[in-house]
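# Coordinates in review
Spelled out, the chains give:
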Amino acid sequence: MSVVPISYYLVLSAVLFGLGVVAFVFKRNVITIFMSIELMLNAINLAFIAFARAHNQMDGLVFVFFVIVVAAAEAAVGLAIVIMLARHRQSLSAERINSLKF
Amino acid sequence: MNLPFILFFICALLAVLGAVLLIIAREPIHAALSLILVMIALAVLYLLLGAEFIAAVQILVYAGAIMVLFVTVIMVLNAEAEERTDFSKIAKWVGLPLGFVLLFAIAHWLYRAHVGPVVASGAGIPAHALSTWDLSTELFRHYLFPFEATSFLILIAVLGAMILARRDE
Amino acid sequence: MEFISQHPVLVASVIKIAVLLFIVMTALAYLTWFERKVVAHIQSRWGPYYVGAHGLLQPLADGLKFLFKEDVTPPTSDRLVYVLAPFLALALALTAIAFIPFGPPDKTFIYGQKIFVVSDSNIGLLFLFAITSMGVYGVALAGWSSNSKYPLLGGLRSSAQMISYEVSLTLSVVGVLLIAGSLQFNQIIENQGGHWWHFLPEWNVFPQIVGFLCYLTAAIAETNRVPFDLPEAETELVAGFHTEYSSFKFAMFFMAEYANMVTVSCLATILFFGGWLSPFPDSWHWQLYLPGAGLMAVGIYCAYDTITRMRGIARLQLTVVTLLSLVIGALCLLPAVAPYVQGPFWFTAKVLVFLFFYVWVRGTLPRFRYDQLMSFGWKLLLPVSLANLVGTALWYAVGWMRHG
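This one's a predicted model, so the numbers in the text were calculated from it and none came from an experiment.

### A few points about the overall build of chain C
- Each helix and strand in chain C was counted, giving 15 helices and four strands.
- The globule rule puts the C-alpha radius of gyration for 404 residues at 22 Å, and the 23 Å found for chain C is close to it.
- Along the first, second and third principal axes, the C-alpha set of chain C runs to 65 × 65 × 55 Å.
- Out of the 404 residues in chain C, the part that is buried amounts to 50%.
- Counting only carbon and sulfur atoms, one obtains 73% of the accessible surface of chain C, whose full area is about 19,300 Å².

### Regarding the packing of helix H1 (residues 3-24) of chain B against helix H2 (residues 28-48) of chain B
Residues and elements named next belong to chain B.
- Packing of H1 against H2 brings their axes to within 8 Å, and their N-to-C directions diverge by 155°. As far as their axial angle goes, H2 and H1 are roughly antiparallel. In the crossing of H1 with H2, the sense of the turn from one axis to the other is left-handed. Along the contact surface, H1 presents Pro4, Leu7, Phe8, Cys11, Leu14, Ala15, Gly18, Ala19, Leu21 and Leu22, while H2 presents Ala31, Ser34, Leu35, Leu37, Val38, Ala41, Val44, Leu45 and Leu48.

### Regarding the side chain of lysine 16 of chain C
- Inspection of the secondary structure puts lysine 16 of chain C in helix H2 (residues 8-42).
- Judged by its relative accessible area of 9%, lysine 16 of chain C is buried.

### Describing the packing of aromatic side chains
- For the structure shown, the criterion picks out 35 aromatic pairs over all chains.
- Arranged with centres 6.4 Å apart and planes meeting at 65°, the rings of tyrosine 30 of chain C and tryptophan 33 of chain C form a pair that is edge-to-face. Placement of both tyrosine 30 of chain C and tryptophan 33 of chain C in helix H2 is noted, with a separation of three residues, approximately one turn of the helix.
- Under the relative-accessibility criterion, tyrosine 30 of chain C is labelled partly exposed at 30%.
- Under the relative-accessibility criterion, tryptophan 33 of chain C is labelled buried at 19%.
- Taken together, Phe65 and Phe66 of chain A together with Phe53, Phe140, Tyr143 and Phe147 of chain B form an aromatic cluster joined through their ring pairs.

### Digging into unusual backbone geometry
Residue and element names in this part refer to chain C.
- Of note in the backbone geometry, serine 44 takes a positive phi value of approximately 55° without being a glycine.
- With respect to the helices and strands, the residue serine 44 is situated in the loop between H2 and helix H3 (58-68).
- With a phi close to 60°, asparagine 224 is a non-glycine residue in the positive phi region.
- The residue asparagine 224 is located in the loop between helix H9 (209-222) and helix H10 (234-237) in this model.

### Thoughts on the interface of chain B and chain A
- Across the contact, 81 residues belong to chain B and 70 residues belong to chain A.
- Summing both sides of the interface, chain B and chain A together bury roughly 7,100 Å²; the carbon and sulfur share of this comes to 79%.
- Between the two partners, chain B and chain A, sit zero salt bridges.
- Counting across the interface, chain B meets chain A through six residue pairs in polar contact (both at pLDDT 80 or more).
- The set of elements that each furnish at least two residues to the side of chain B that touches chain A consists of H1, H2, helix H3 (52-77), helix H4 (89-111), helix H5 (117-121), helix H6 (132-141) and helix H7 (144-165) of chain B.
- The greatest single-element share of the side of chain B that touches chain A, amounting to 13 residues, is contributed by H3 of chain B.

### Focus: the packing of H3 of chain B against helix H6 (residues 136-145) of chain C
- Contact pair H3 of chain B / H6 of chain C: the axes reach a minimum separation of 11 Å and the direction vectors enclose 15°. Relative to H6 of chain C, H3 of chain B is oriented roughly parallel. When the axes of H3 of chain B and H6 of chain C are compared, the crossing they make is left-handed. For the pair H3 of chain B and H6 of chain C, contact is made by Ala63, Met67, Val68, Val71 and Met75 of chain B and by Val136, Tyr137, Ala140 and Trp144 of chain C, respectively.

### Examining the interface of chain B and chain C
- Taken residue by residue, the interface counts 22 residues in chain B and 22 residues in chain C.
- Between chain B and chain C, the buried area comes to about 2,100 Å², and carbon and sulfur atoms account for 80% of it.
- Linking chain B with chain C are zero salt bridges.
- Taken together, the links from chain B to chain C amount to three residue pairs in polar contact (both at pLDDT 80 or more).

### A few points about the environment of valine 38 of chain B
- Within the fold, valine 38 of chain B resides in helix H2.
- In the structure, valine 38 of chain B is positioned 24 residues away from leucine 14 of chain B in sequence and 6.7 Å away in space, judged by C-alpha atoms.
- Once residues within four sequence positions are removed from consideration, valine 38 of chain B is found in contact with Leu16 and Leu39 of chain A together with Ala15, Gly18 and Ala19 of chain B.

### With respect to the arrangement of the chains
- Contacts are most numerous, across the two pairs of chains in contact, for chains A and B.
- You won't find any contact between chain A and chain C; their C-alpha atoms come no closer than 13 Å.

### Observations concerning the side chain of serine 34 of chain B
- Assignment of secondary structure puts serine 34 of chain B in helix H2.
- Excluding residues within four positions of it along the chain, serine 34 of chain B makes contact with Gly18, Leu21 and Leu22 of chain B.

### Re the environment of leucine 153 of chain C
- With respect to the helices, strands and loops of the structure, leucine 153 of chain C is situated in helix H7 (residues 149-180).
- Judged by relative accessible area, leucine 153 of chain C falls into the partly exposed class, the value being 41%.

### Re the environment of proline 207 of chain C
Residue and element names in this part refer to chain C.
- Turning to its location among the elements, proline 207 is positioned in the loop between strand S4 (200-201) and H9.
- Placed 28 residues apart in sequence, proline 207 and isoleucine 179 show a C-alpha to C-alpha distance of 9.3 Å.
- Proline 207 has contacts with Ile179 and Trp196, leaving out every residue within four places of it along the chain.

Rules of the game
Residues numbered from 1 in each chain as written. Chains lettered and ligands numbered in written order. Predicted model: local features only at pLDDT ≥ 70, side-chain atom pairs only at ≥ 80, totals over all residues. Heavy atoms only, no water. Helix = DSSP H or I, 4+ residues; strand = E, 2+ residues; numbered from the N terminus. Rg over C-alpha atoms; globule rule 2.2 N^0.38 Å. Buried < 20%, exposed > 50% of the residue type's maximum accessible area, 1.4 Å probe, protein only. Areas by Shrake-Rupley, 256 points an atom, 1.4 Å probe, with all protein chains shown as cover. Axes fitted to C-alpha atoms, helices over the stretch in contact; angles between N-to-C directions. Parallel < 35°, antiparallel > 145°, perpendicular 65-115°, else oblique. Left-handed = near helix turned anticlockwise from the far one by under 90°. Contact = heavy atoms within 4.5 Å. Phe/Tyr/Trp six-rings, centres within 6.5 Å; stacked < 30°, edge-to-face > 60°. Buried area = accessible area lost by both parts, 1.4 Å probe. Salt bridge = Lys/Arg side-chain N within 4 Å of Asp/Glu carboxyl O. Polar contact = N/O pair within 3.5 Å; in protein donor to acceptor, adjacent residues only side chain to side chain.

This is how it looks when you write it as structure tokens:
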């Protein structure tokens with residue numbers, strides 16, 4: 001079925017991860033910074049599944065499963081923090097969030 | 001050229017396009033939409049790799065729950081377009097090219113990585129190897145403890161989110 | 001021909017999708033007619049009556065009207081997302097129907113492709129939930145991109161509501177999955193074959209009655225229908241998320257809502273009411289002729305109606321309907337055709353019951369208040385469906401321990 005070489009998937013994964021890093025550095029909005037983290041996680045998931053496929057082992061898929069679960073938990077807590085930040089600072093720009101205490 | 005190749009290139013293109021749009025987009029909602037595009041393209045790639053279950057979970061959890069949460073938060077906070085500032089000179093002329101060099105270096109290494117010639121070409125892999133049945137067996141036999149631990153993690157996350165987002169009475 | 005033999009899946013899928021799309025689109029149009037008629041009769045009115053006999057051409061007239069209306073785009077809206085939202089809503093709603101089996105998998109055509117299902121995936125249920133879980137984007141993005149107060153409120157409400165009720169919707173179904181031991185629709189259905197005491201079909205609704213009630217409630221909320229239609233509550237939010245939409249984009253939201261209704265009803269039929277299985281035991285051979293006889297009966301009633309009540313052009317239209325149902329009914333009686341229409345007949349009949357239930361609920365129940373909606377979803381529906389899941393799991397665990 002899959003005649004596409006595994007290395008293609010790995011390259012795509014690397015490119016996506018790189019773009020995620022670029023987005024993480026470039027973005028100024030807290031929410032979009034958060035989104036770039038999700039992009040990086042997705043890129044890594046692709047690599048995991050490609051390797052799982054290559055070695056015909058389930059562990060890669062199990063890891064992806066856990067990554068998705070943890071990402072869901074992380075999104076819930078992270079977005080709650082974002083909402084709190086927005087309430088206290090009236091802004092979502094990362095540059096305004098420059099002190100540890102309100 | 002056969003069907004899997006065509007599908008792979010379409011999805012890869014869409015995924016990269018989505019990621020680039022995520023960087024370019026000024027409106028947070030547009031960024032969220034492009035990220036959803038990436039996730040759907042990746043789900044199709046997972047299908048191509050034979051990981052049906054993960055593909056479904058990817059759309060169900062990532063695109064259907066996490067990103068909905070993002071979109072909702074953006075709408076609640078009415079997040080306006082991002083402000084842009086100019087790059088510093090150094091960042092523009094040195095940082096950006098170096099970043100791209102790094103990106104392509106990683107891609108190059110991965111492409112030539114020693115995953116073994118058999119594995120790299122995709123030959124010799126059984127067709128329906130990654131069945132949902134095997135995955136569940138693995139998950140509930142070897143990884144039972146981590147699986148149970150994630151349920152606590154989610155419980156804690158729910159409580160944490162509630163406490164954080166609650167308005168003070 | 002060579003192309004067909006090389007790519008049987010591709011060719012068969014394209015044919016099936018085209019036919020299914022045509023059928024579903026027509027069905028959606030006539031669902032609006034059905035709903036208006038039933039609601040009208042609940043409220044002691046006639047409903048659509050003048051366009052065609054019994055208003056049968058009303059959907060066509062509505063469609064033409066939507067096509068020719070001016071398409072207003074608010075100048076402050078986010079153009080791209082504004083256009084994308086209705087397409088997304090309709091496309092996702094229609095995609096979900098591709099996973100639904102309308103008949104038994106042993107009926108095949110070119111190169112052994114199954115006739116009655118577009119994609120018979122091993123984990124069809126998960127895929128269906130995945131597609132429907134994305135349906136919220138259509139509503140949420142429409143609300144946001146209109147750049148106006150009421151749509152935004154509607155979009156916010158809908159995303160919060162759909163996330164909340166999706167949890168109980170999914171949990172209420174897990175009990176059925178424990179019984180069936182599969183995520184494939186056809187296996188779930190075949191698992192419900194057989195009868196208790198020779199007359200009561202072994203449908204999941206009997207052991208899973210709690211799960212079914214939870215599913216039904218959550219499904220109504222998930223499709224934004226009365227009494228959970230807060231995203232478009234017209235007494236509070238003008239028209240909710242589609243206030244700023246006009247012309248064909250509005251019609252697309254409308255069709256998406258009806259398509260979601262159909263999907264959810266199909267899912268209820270498959271999971272709890274035995275899908276395309278007949279409610280009668282196999283030994284009752286006369287049921288083979290039930291679809292044909294039913295259609296003939298409809299034809300005879302139409303003939304009576306034509307002769308006694310209809311006048312003028314309506315009489316001509318109803319004559320066509322009469323002839324059509326008589327001819328198709330006679331075709332369904334043929335021994336070569338009869339086995340093929342069995343599955344779709346029972347499936348459609350069961351889905352129609354659910355659709356009627358939807359319309360009935362709309363005609364009789366008032367709308368929830370928003371805080372009631374949230375506390376109902378999280379404090380009642382979720383615990384009950386969780387308890388149902390735990391109960392089912394315990395039942396099986398105890399049985400497993402006893403018998404090994």
